[in-house]
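Each chain, written out:
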Amino acid sequence: MPPFLTKLLHHNHPRTRKTATVSGTVEFLETSRLVTLLIFAATTAAIVLISFVGISTANLPVLPNQIASLRIVASAPFRYASAEKTRLAGEQIRDRLPPVFRLDLDAFNLFEAHLRELLASLESFERDHPEVNVLSAKRKDDFTALVEAFNAKGPYQVALSDVSILLKAGAPPVRTALIESGLRVLRDIYNEGVYDPRNFGTDPGQINISQILNADGTPARRPPQSFEQALTALRINLAAESGGRELGLPLFRIFRNGVSPNLTFDIEATRHLKDRAIRELKPVMVDVARGQTIIEPGLRVTPEQYEMLTAHRKFLLEHSDIAFDENLQLFGRVLLVLAMLLASVLYIRIEDRETLLSNGRLALLALVVILNLALVRATYALGGLPFFIANSSAASLLPYLAPVAIAPLIVAILINAGSAIFMALFISIFTSVIYGNRLDLLVLTFLASVVAIFWSSHTRKRGNVVRASVFAGITVAAFALIIGFIDRLEFLTILKHMAAGLSTGILTGVIVVGLLPVLEGLFKRTTDITLLELTDYNHPLLRLMQLEAPGTYHHSLVVAQLSENAAAEVGANPLLARVCALFHDIGKTAKPEYFAENQRNGVNPHDLSNPSLSALIIKSHVKDGVDLALKHKLPRAIIDVIQQHHGTTLIRYFYHRAVQHTRPPFPTQGATQDTPSKDPFISALPGLDPVPVSESTYRYDGPRPRFKESAIIHLADGVEAASRSLRKVTPQHLGEIIDQIFRDRMEDGQLDEAPITFEELARIKTSFTFTLLNMLHGRVAYPRESEDEAPKFLPA
């Protein structure tokens, strides 16, 4: 046996397993908008630093309220505290700061007290009149007086029939539980706030949560509701709490008497809020960009403009050692950087929102673009060396030596082709600017990058990356030939240009192949190249599963085939689906004998365990799988599928077994000795309080599938397991069981977080049916030569 398998088979698992829980710091870095802004700022600064040269504007004499005769622009970016804007901001705060409202809970407290008194009265009435079915005049009069007494305590209009239904709902503890449940709902409504639009001066739609204070002075957490919205919420929640309309509607008609507007205007708090805002107002800082207009010609100089001009002069005086360049062409480069970065953000926002929401992806884009432009700038800087200054022919090679396709290739492989094409345009534009706004170089480099992207899309071998870069080099060489003939260059010079372009293409491929593993590990990205390497059946985990859990291994192979075919049908990543499916059940290798597909000789260890322990063992294969995946450094996508492939589904077998075990051996209310009670709160032994079977104990911990490949594997896992229960495989039977599984998973909410459509689900069903029919087909038996001979089957 290979040494790595011996180590795995005899390895004593540590008491603490590794988990895939993301730390708070990592989550903050991945999702924080502050980090996004920092990435944007750092990218802007880096690109400007690569192609930036400042300009200066001479100081001109200007007075306040004077009509300016010349335009004055900022010679450099600067920042200053504006006293004028700070004063205007203070005035605006007083005018625009919205009023503060307070939540008044007095009405709720009063209604709660009255309702508890009603409960006590009902209990006394029940003791005084134990005859439930006897409609005596005195009983009716006493009951009417009880209800009227309650209505007299406030503006209540509770009907006799509703209180009668509450009385008949059950024993006092049952009524108390119903009332307490309703009070909880009503308390939540009051804590959110209720307003009456007819008596509300301010537009309710303009109320901000921060404008509302609870009774204890803390800010409210939820927006208020209108009176009608509060009644609707009350009706829905009471129906859910009581278990149906029969009891929910009477409870609603009782509790609606306790709903009243409780959002009141707080004058004192509003005044304190405005005063505090003025005190905390910081000086307004104004950022002036390089080249921004300070004074417009033909217009009177305003106080704000004069203040900005004074700050500009002060900045120039303090930084007199900075040399400024009046070259407006270079000033345009600064605008170009900002414009291109803004265009990049808008493109990502429209075409690839997932990238915009991931700081890791944004950092990857920023890093490769900055490094690529830095290499281009370094290539350009070589022209300042004495050798290139003296040799113009050699200097003409530098544009063709610029490795412009590095970033587009990396982005195409690690993210997607769309973002790569935009990055190619981005880098080509700045390469053109660096080399003197050469339009021919812009077209050439962009076309070469697009060619590289085309040949690298969906690549699964590292050699294909070099092949893609070679095609990009051939493109550069071909255009160098065309441009050389147009410019009437010497043939030897044209050959040098072509050789430089081709060499750069080959070198680009080598660099990208070397950078890919580093960037994959640094930014937690997984390429198809890595995924294909993981499909090797000699992978230690797959070999372990073959030996320890052969049934699970075969199950994983079938799920992988189902998932791969379905992913191809709906435009997902088939390779990712296949690899994730192969590893999704590796956790079963920890206790393979507890899973039906690995049980032999009819021995089932679950027969000796209670249902909750069996469910715990079954669920533990998810955590064991995550532990193994982390130890073997599997990609994040595989770990996510291991966690999500069961979602939060119910382990039905052991749940129903637990329900059966906890049914009481004696009749309960609504049941006979032969008909067990349907009450979920059932007793295990006579004389004990009812004990519920917690459904959460028998549900997987989740999370539910959150991406398309994970949802496909989630469905394929259930379909494959269910298909083995079919005695006869026919399209009709298979279609029915697949429809049932899809319907159950959707009704259970397992696909609520997955980006998948009903059309795609229909195509997945068709793919599953086709694949399983081809996998589970029967064989034609040979005719028997004698009655005692066992049937033989035709070979495959």
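What counts as what
- Residues numbered from 1 in each chain as written.
- Predicted model: local features only at pLDDT ≥ 70, side-chain atom pairs only at ≥ 80, totals over all residues.
- Heavy atoms only, no water.
- Helix = DSSP H or I, 4+ residues; strand = E, 2+ residues; numbered from the N terminus.
- Contact = heavy atoms within 4.5 Å.
- Areas by Shrake-Rupley, 256 points an atom, 1.4 Å probe, with all protein chains shown as cover.
- 1 Å grid on protein atoms, 1.4 Å probe; cavity = no way out; pocket = protein on both sides within 12 Å on 5 of 7 lines; lining within 4 Å.
- Points joined across faces, edges and corners; volume = space filled by probe spheres on them.
- Nonpolar A, V, L, I, M, F, W, Y, C, P; charged D, E, K, R; others polar.
- Axes fitted to C-alpha atoms, helices over the stretch in contact; angles between N-to-C directions.
- Parallel < 35°, antiparallel > 145°, perpendicular 65-115°, else oblique.
- Left-handed = near helix turned anticlockwise from the far one by under 90°.
- pLDDT = per-residue confidence, 0-100.
- Expected span 1.5 Å × (residues − 1).
- Buried < 20%, exposed > 50% of the residue type's maximum accessible area, 1.4 Å probe, protein only.
- Arc of directions from axis to C-beta.
- Polar contact = N/O pair within 3.5 Å; in protein donor to acceptor, adjacent residues only side chain to side chain.
- Salt bridge = Lys/Arg side-chain N within 4 Å of Asp/Glu carboxyl O.
- Pairing = 2+ DSSP bridges.
- Phe/Tyr/Trp six-rings, centres within 6.5 Å; stacked < 30°, edge-to-face > 60°.
- Lys NZ or Arg CZ within 6 Å of the ring centre and 35° of its normal.
- Core = buried A, V, L, I, M, F, W, Y, C linked by side-chain atoms within 4.5 Å.
- Bend = angle between axes of the 7 residues up to and from the residue.
- Patch = residues over 30% accessible without salt bridge, like charges linked within 9 Å, V, L, I, M, F, W, Y side chains within 5 Å.

## Some thoughts on the overall build of the protein
Summing up its helical and strand segments, the protein has 33 helices and 13 strands in all. Within the protein, contacts between residues at least 6 apart in sequence are counted, and of these 76% link residues at least 24 apart. When the accessible area of the protein is evaluated, it comes to approximately 42,400 Å², of which 59% is carbon and sulfur surface.

## Examining the layout of surface pockets
Empty space within the second largest pocket amounts to approximately 1,100 Å³. Forming the boundary of the second largest pocket are 36 residues, of which His646, Ile651, Tyr700, Ala721 and Arg745 lie nearest the centre. Of all the secondary structure elements, the ones that give two or more residues to the lining of the second largest pocket are α26 (550–569), α28 (611–631), α30 (652–661), α31 (708–723) and α32 (731–747). It is α31 that contributes the most residues to the lining of the second largest pocket, six residues altogether.

## Observations regarding the environment of Leu547
When you line up the elements, Leu547 lands in helix α25 (residues 540–548). Residues Leu547 and Thr589, spaced 42 residues apart in sequence, show a C-alpha to C-alpha distance of 9.1 Å.

## Side note on empty space enclosed by the protein
In this structure the tally under the stated criterion is one cavity of 30 Å³ or more. In this structure, the largest cavity encloses a volume near 140 Å³. Around the largest cavity, the lining comprises 18 residues; the ones closest to its centre are Ala402, Val404, Ala448, Val476 and Thr504. Looking at side-chain class alone, the lining of the largest cavity contains eleven nonpolar, seven polar and no charged residues.

## Some remarks on the packing of helix α4 (residues 83–96) against helix α11 (residues 267–279)
Where α4 meets α11, the closest approach of the two axes is 10 Å, and the angle between their N-to-C directions is 165 degrees. Here α4 is positioned roughly antiparallel relative to α11, judged by the angle of their axes. Here the hand of the crossing between α4 and α11 comes out right-handed. Residues Gly90, Ile93 and Arg94 of α4 form the contact with α11, whose own contacting residues are Lys274, Asp275, Ala277 and Ile278. Here the contact of α4 with α11 is composed, by residue class, of three nonpolar, one polar and three charged.

## Description of the confidence of the model for the protein
Model confidence for the protein is summarised by a mean pLDDT of 79, while 81% of its residues fall at 70 or above. The low-confidence segment residues 1–15, where pLDDT is below 50, has 19 contacts with residues more than four positions distant or belonging to other chains. Low confidence marks residues 322–328, where pLDDT is under 50. Its contacts with residues over four positions away, or in another chain, come to 18 contacts.

## Some details on α4
Compared with an ideal rise of 1.5 Å per residue, which puts 14 residues at 20 Å, α4 spans 20 Å between its outermost C-alpha atoms and is within 8% of the ideal. What α4 keeps buried is the set Thr86, Ala89 and Gly90. One side of α4 carries all its buried residues, which in axial view fall inside an arc of 105 degrees. Facing away from the buried side of α4 by more than 90 degrees, the exposed set consists of Asp95 and Arg96. At its buried positions, α4 is contacted by β2 (78–82), α11 and β8 (284–288). The backbone nitrogen of Lys85 lies 3.1 Å from a side-chain oxygen of the residue at the head of α4, namely Ser82.

## Quick notes on the pattern of salt bridges
Scanning all chains against the criterion turns up 27 salt bridges. As a salt-bridge pair, Arg704 and Glu753 come within 3.1 Å of each other at their nearest N and O atoms. Placement of the pair is Arg704 in the loop between β11 (691–692) and α31 and Glu753 in the loop between α32 and α33 (758–775), with a sequence separation of 49 residues. Residue classification places Glu753 among the partly exposed positions, given a relative accessible area of 34%. Residues joined by salt bridges that share partners form a network here, namely Glu112, Arg116, Glu180 and Arg187.

## A word on the pairing of β2
Residues Phe78, Tyr80 and Ser82 point to one face of β2 and are all buried, whereas Arg79 and Ala81, pointing to the other face, are not buried. Here five bridges tie β2 to β8, and the two strands are oriented antiparallel to one another. Directly across from Tyr80, in β8, lies its bridge partner Val286.

## A closer look at the packing of aromatic side chains
The tally for this structure, following the rule as stated, stands at 14 aromatic pairs. Considering the side-chain rings of Phe111 and Tyr156, the 5.5 Å spacing of their centres and the 80 degrees angle between planes classify their relative orientation as edge-to-face. In this pair, Phe111 is assigned in helix α5 (residues 106–128) and Tyr156 in the loop between α6 (137–152) and α7 (160–168), connecting sequence segments 45 residues apart. For Phe111, a relative accessible area of 1% corresponds to the buried category. A relative accessible area of 8% means that Tyr156 is categorised as buried. Aromatic side chains Tyr347 and Phe422 sit 4.8 Å apart centroid to centroid with 15 degrees between the ring planes, which places their arrangement in the stacked category. One end of the pair, Tyr347, is in helix α13 (residues 328–351); the other, Phe422, is in helix α20 (residues 417–434), with 75 residues separating them in the sequence. In textbook terms, an aromatic cluster arises when at least three aromatic residues are bridged by ring pairs, as seen for Phe111, Phe150, Tyr156 and Phe255. Residue placement shows Arg235 over the ring face of Phe252; its charged tip is 5.7 Å from the ring centre.

## Regarding the nonpolar core
A general feature of soluble globular proteins is that nonpolar side chains tend to end up buried together. Counting residues in each nonpolar core, the largest one holds 61 residues, and the members touching the most others are Val368, Leu373, Phe426 and Val512. Element by element, the count of residues in this core is highest for α20, at nine residues. In contact with Val368, other than residues within four places in its own chain, are Ala407, Ile410, Val411 and Leu519. Core analysis: the second largest hydrophobic core is formed by 53 residues, Leu541, Cys580, Phe583 and Leu628 among them.

## Concerning the environment of Leu37
Positionally, Leu37 belongs in helix α3 (residues 33–50). With a relative accessible area of 58%, Leu37 lands in the exposed category. C-alpha of Leu37 to C-alpha of Asn359: the two residues are 322 residues apart in sequence and 9.7 Å apart in space.

## So, the side chain of Lys708
Of note, Lys708 is situated in helix α31. Note on Lys708: relative accessible area 18%, which makes it buried. In this structure the side chain of Lys708 is engaged in a polar contact, spanning 2.9 Å, whose partner is the side chain of Glu760.

## What about α28?
Under the 1.5 Å per step criterion, the end-to-end length of α28 is 31 Å for 21 residues, consistent within 8% with the ideal 30 Å. At Ser620, α28 shows its largest bend, some 25 degrees. The element α28 is largely enclosed, with a buried count of 15 among its 21 residues. Just beyond α28, the residue with positive phi is Lys633, at close to 55 degrees.

## Considering a nonpolar patch on the surface
A contiguous nonpolar patch, built from Ile474, Leu502, Ile506, Leu507 and Val510 and spanning about 410 Å² of accessible area, is present on the exposed surface. For the nonpolar patch, the element with the highest residue contribution is helix α23 (residues 491–523), accounting for four residues. With respect to the helices and strands, the residue Leu502 is situated in helix α23.

## Topic: unusual backbone geometry
Note: most residues except glycine have negative phi, and most peptide bonds are trans. Cis geometry is adopted by the peptide bond preceding Pro703, which originates at Gly702 and carries an omega value of 5 degrees. By the secondary structure assignment, Pro703 is in the loop between β11 and α31. The backbone of Lys633 shows a phi angle near 55 degrees, a positive value even though the residue is not glycine.

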